[in-house]
Amino acid sequence: ECCVGSSSIPKMQAMKILLCSDASAAAAVVRHKALKKHMFGSTDMCVTECCVGTMTWGSFNDEPEQAFAQLDRAVLELGANFIDTAELYPVAFNYGKTTEKWIGDWLAERVQQGKLKRTDVYIATKCNPSGIGAFPDGDIVERPPDFAHSYEADRLERSCRASIERMQCEYIDLYQLHWPTRDVPVFGAATFAPNGQLRPIPHADTLPAGQPGYDVFERQVLSVKRLLEAGLIKHWGLSNENAFGITMFCTTADRLGVPRPVSCQNDFSLLNRTYESDTWEAAHRFGVVGLPYGVLAGGVLTGKYFDGSKWHKAANADRPLSQSRMRGQPGFQPRYGMPTSMVAAEAYMKLAEKYGISPTEMALAWAKQRACNAGGSIITGSTTVLQIDECINAFKLELPEELMREVDVLFEQHRSPSTYCIDKEACMQAKWLGFYARHAATPRSSVGRAAAAAVGVAALVLGAARVLRALR
């Protein structure tokens, strides 16, 4: 295992956190001086444990210089060497192409300046079956709103070549299929339903009961094979997949003599551990490593949406919360800020404070240490250089087993609260939480916080009374 050096968390910040923590618990957290690298799954890619996420560059960050500054800090100064993007990016608004183009402009400029070689970084990107970002500029035929393709060979190659051209990168190290084309739920649904139910986007392939879609998987694996043989990509991976999809892709690849997908990029965090069920087993059996996104749950796990907290104040000073995802674009990925997610996130925030680390650090370091991500990498997300610092420095932490166990106990109380099983709208409202049913998009006033504290004290008193009655 090889390491690269980088600066540690600012001493003053660490001191302030420690003053508010349990000193003995905080002492159990180990902070290393350097980022670690390891081989990414079965590949020859020696990557850092953190992968620089880019999906808001071009939307929440509206100037390329903002992205350049974050890349300079992450790659040139802190030593991260893995970047993830997609033809779809940026997200929330202004979808498609821009993020890849900015990365390409940065890469070309830094290579020309002699600050970087193409081989110093590993670049991952994705093709999406909705064709967002894939239609040529100035194309007379606009993308229909219900458009969906099936990763046909010509379309996949066209998307791949367009991404390489935008990023000026010669080849792509890891090319991923952004989400399944078959009629399976995606993006927050924790249960299966056929025929496109529980799926917010169109699908190209409907698989009737009793038909596993051998032809669909074979066609898509052969599409990937074409890219590999053309030297356009080094490796390929999946994203937003389940156990069935991983199994079918891997067995089909084996049958056709094509390299298996090496990774799976799924939503995974303290608020969503559904990947750790049968999806992880399939990945484990076939040697597919984790490359999770959403580890900070759209910023909810940073603590910044708990108005009045020190995490809220620090984040707001760095970048106004009105410009953040949950407050600025509340309709984008609202699952992360559902009331059930907020209740759980507050509990995790308090646990992080107990150990003298930030909620951001705990969320990222915890994900890094989960066995389902061994040999993989964790995708970060940022809009400022300060966020880059905190995110990347989190990967120098080694959390004690005691903290990892406490996380598990909290999870038993709050099981994957950013997902829904059947009724998403019911989860968005979470009326059963009563006063606590607040979405991250809704600020809580100081009066509301005082009332919440009073309700919390009352609940504790009531709970204690019930325990005493039970002991009598």
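A. Structural view of the overall build of the protein chain. Counting secondary structure elements, the protein chain contains 16 helices and 13 strands. Buried positions account for 55% of the 472 residues belonging to the protein chain. Taking contacts inside the protein chain between residues at least 6 apart in sequence as the whole, the part at least 24 apart equals 76%. For the protein chain, the exposed surface amounts to about 20000 Å²; the carbon and sulfur share of it is 56%.

B. Representation of the environment of Arg-226 within the structure. Within the element layout of this structure, Arg-226 appears in helix H6 (residues 214-229). In sequence terms Arg-226 and Leu-156 are 70 residues apart; their C-alpha atoms lie 9.3 Å from each other. In this structure Arg-226 touches Ala-153, Asp-154 and Glu-157, once residues within four positions along its chain are discounted.

C. Seen up close, empty space enclosed by the protein. Tallying each qualifying case throughout the model produces 2 cavities of 30 Å³ or more. Empty space within the largest cavity amounts to approximately 70 Å³. A per-element tally of the lining of the largest cavity places H6 first, with 3 residues. Class assignment for the residues of the lining of the largest cavity results in 8 nonpolar, 3 polar and 2 charged. As for the second largest cavity, its lining consists of Lys-304, Ala-315, Arg-319, Pro-320, Leu-321, Ser-324 and Gln-387. Here the lining of the second largest cavity is composed, by residue class, of 3 nonpolar, 2 polar and 2 charged.

D. Just the pairing of strand S8 (residues 172-177), in detail. Among the 6 residues in S8, 6 count as buried, and that is most of the element. Strand direction decides the pairing type here: strand S7 (residues 122-127) and S8, joined by 4 bridges, are parallel. Pairing of Lys-126 across the sheet is with Gln-176, part of S8. As judged from the 5 bridges shared by S8 and strand S9 (residues 233-239), these two strands associate in the parallel manner. Its bridge partner lying in S9, Ile-172 is registered against Ile-233. For the handedness criterion, the β-α-β arrangement of S8, H6 and S9 is classed as right-handed.

E. Highlighting the packing of helix H4 (residues 98-112) against helix H5 (residues 153-167). In the contact formed by H4 and H5, the axes pass within 6 Å of each other and the chain directions differ by 45°. Taken together, the axis directions place H4 and H5 in an arrangement best described as oblique. Counting all contacts with H4, which are made through Glu-100, Lys-101, Ile-103, Gly-104 and Leu-107, the residues of H5 involved are Ser-163, Arg-166 and Met-167.

F. How the structure looks around unusual backbone geometry. In this structure, the amide linkage connecting Tyr-89 to the following residue, Pro-90, adopts the cis form with an omega of 10°. Topologically, Pro-90 is positioned in the loop between strand S6 (82-84) and H4. Backbone geometry places Gln-168, a non-glycine residue, at a positive phi of 50°. In this structure, Gln-168 sits in the loop between H5 and S8. When its relative accessible area of 41% is taken as the criterion, Gln-168 is described as partly exposed. Of note, the phi angle at Glu-170 is positive, near 75°, even though the residue is not glycine. Relative to the assigned elements, Glu-170 resides in the loop between H5 and S8.

G. Layout of the side chain of Ser-377. Topologically, Ser-377 is positioned in the loop between helix H12 (359-369) and strand S12 (378-379). On the basis of relative accessible area, Ser-377 is assigned to the buried category, the value being 1%. A polar contact is formed between the side chain of Ser-377 and the backbone oxygen of Thr-48, at a distance of 3.0 Å. What Ser-377 contacts, discounting residues up to four positions off in sequence, is Phe-40, Val-47, Thr-48, Glu-49, Cys-50, Cys-51, Phe-82, Gly-290, Leu-291 and Pro-292.

H. The arrangement of the side chain of Asn-373 in detail. Residue placement: Asn-373 occurs in the loop between H12 and S12. We classify Asn-373 as buried; its relative accessible area is 4%. At 2.9 Å, the side chain of Asn-373 forms a polar contact with the backbone oxygen of Ala-367.

I. Structural detail: the nonpolar core. Residues Phe-82, Val-300 and Tyr-348 are the most contacted members of the largest nonpolar core, which totals 110 residues. The element that contributes the greatest number of residues to this core is helix H11 (residues 339-354), accounting for 7 residues. If we ignore the near neighbours within four places in the chain, the residues touching Phe-82 are Phe-40, Met-45, Val-47, Thr-48, Cys-50, Cys-51, Val-52, Tyr-122, Ala-124, Leu-174, Leu-291 and Ser-377.

J. Geometry of the packing of aromatic side chains. Counted by the stated rule, this structure contains 10 aromatic pairs. Ring geometry for Phe-217 and Phe-244: centres 5.8 Å apart, planes at 80°, overall edge-to-face. Pair noted here: Phe-217 is in helix H6 and Phe-244 is in helix H7 (residues 243-256), with a separation of 27 residues, a long-range link. Accessibility expressed as a relative area gives 35% for Phe-244, which makes it partly exposed. In textbook terms, an aromatic cluster arises when at least three aromatic residues are bridged by ring pairs, as seen for Phe-217, Trp-236, Phe-244 and Phe-249. Against the face of Phe-411 rests Arg-273, its NZ or CZ located 4.5 Å from the ring centre. The lysine or arginine in question, Arg-335, covers the ring of Tyr-336, its NZ or CZ lying 4.6 Å from the ring centre.

K. Representation of the confidence of the model for the protein chain within the structure. Averaged over every residue, the pLDDT of the protein chain is 92; residues scoring 70 or more account for 89%. Within the model, the stretch residues 1-19 combines pLDDT values under 50 with 39 contacts to residues more than four positions away or in other chains.

Conventions used here
The numbers attached to residues start from 1 for each chain and follow its sequence in the written order. In keeping with the model being predicted, local features are shown solely for residues with a pLDDT of at least 70 and side-chain atom pairs are shown and tallied solely at 80 or more, while totals for entire chains, interfaces and linings include all residues. Based on all heavy atoms of the structure, the side-chain values leave hydrogens and waters out of the count. Counting from the N terminus, the helices are the DSSP runs of H or I reaching at least four residues and the strands are the DSSP runs of E reaching at least two. A 1.4 Å probe rolled over the protein chains alone gives each residue an accessible area, and that area as a share of the maximum for its type sets the label: buried under 20%, exposed over 50%, partly exposed in between. Contacts: residue pairs with any heavy atoms within 4.5 Å of one another. Using a 1.4 Å probe, the Shrake-Rupley method yields the accessible areas, and only the shown protein chains count as cover for residues. In this analysis the probe radius is 1.4 Å and the grid spacing 1 Å, with only protein atoms considered; a cavity is a set of points the probe fits into but cannot get out of, a pocket is an open set with protein on both sides within 12 Å along at least five of seven lines, and lining residues have an atom within 4 Å of a point. Grid points are joined across faces, edges and corners, and a volume is the space filled by probe spheres set on the points. Note on residue classes: Ala, Val, Leu, Ile, Met, Phe, Trp, Tyr, Cys and Pro are nonpolar, Asp, Glu, Lys and Arg are charged, and everything else, Gly too, is polar. When DSSP finds two or more bridges between a pair of strands, those strands are recorded as paired. With strands facing away from the observer, any crossover in which the path from the first strand over the helix to the second runs clockwise is taken as right-handed. Note on method: axes are straight lines fitted to C-alpha atoms, helices fitted across the in-contact stretch only, with angles between N-to-C directions ranging 0 to 180 degrees. Any angle that falls under 35 degrees is termed roughly parallel, while one over 145 is termed roughly antiparallel, one within 65 to 115 roughly perpendicular, and all others oblique. In the analysis that follows, any N or O atom pair within 3.5 Å is treated as a polar contact, provided that within protein one partner can donate a hydrogen and the other can accept it, and provided that, for residues neighboring in sequence, both atoms belong to side chains. Definition of nonpolar core: a set of buried residues of the types Ala, Val, Leu, Ile, Met, Phe, Trp, Tyr and Cys, connected through side-chain atoms within 4.5 Å. Two rings belonging to Phe, Tyr or Trp (six-membered ring only in the last case) form a pair when the distance between their centres is within 6.5 Å. Interplanar angles under 30 degrees mark stacking, angles over 60 mark edge-to-face geometry, and anything in between is tilted. We call a charge positioned over a ring when the NZ of a Lys or the CZ of an Arg lies within 6 Å of the ring centre and within 35 degrees of the ring normal. Note: pLDDT gives the predictor's confidence per residue, expressed from 0 to 100.

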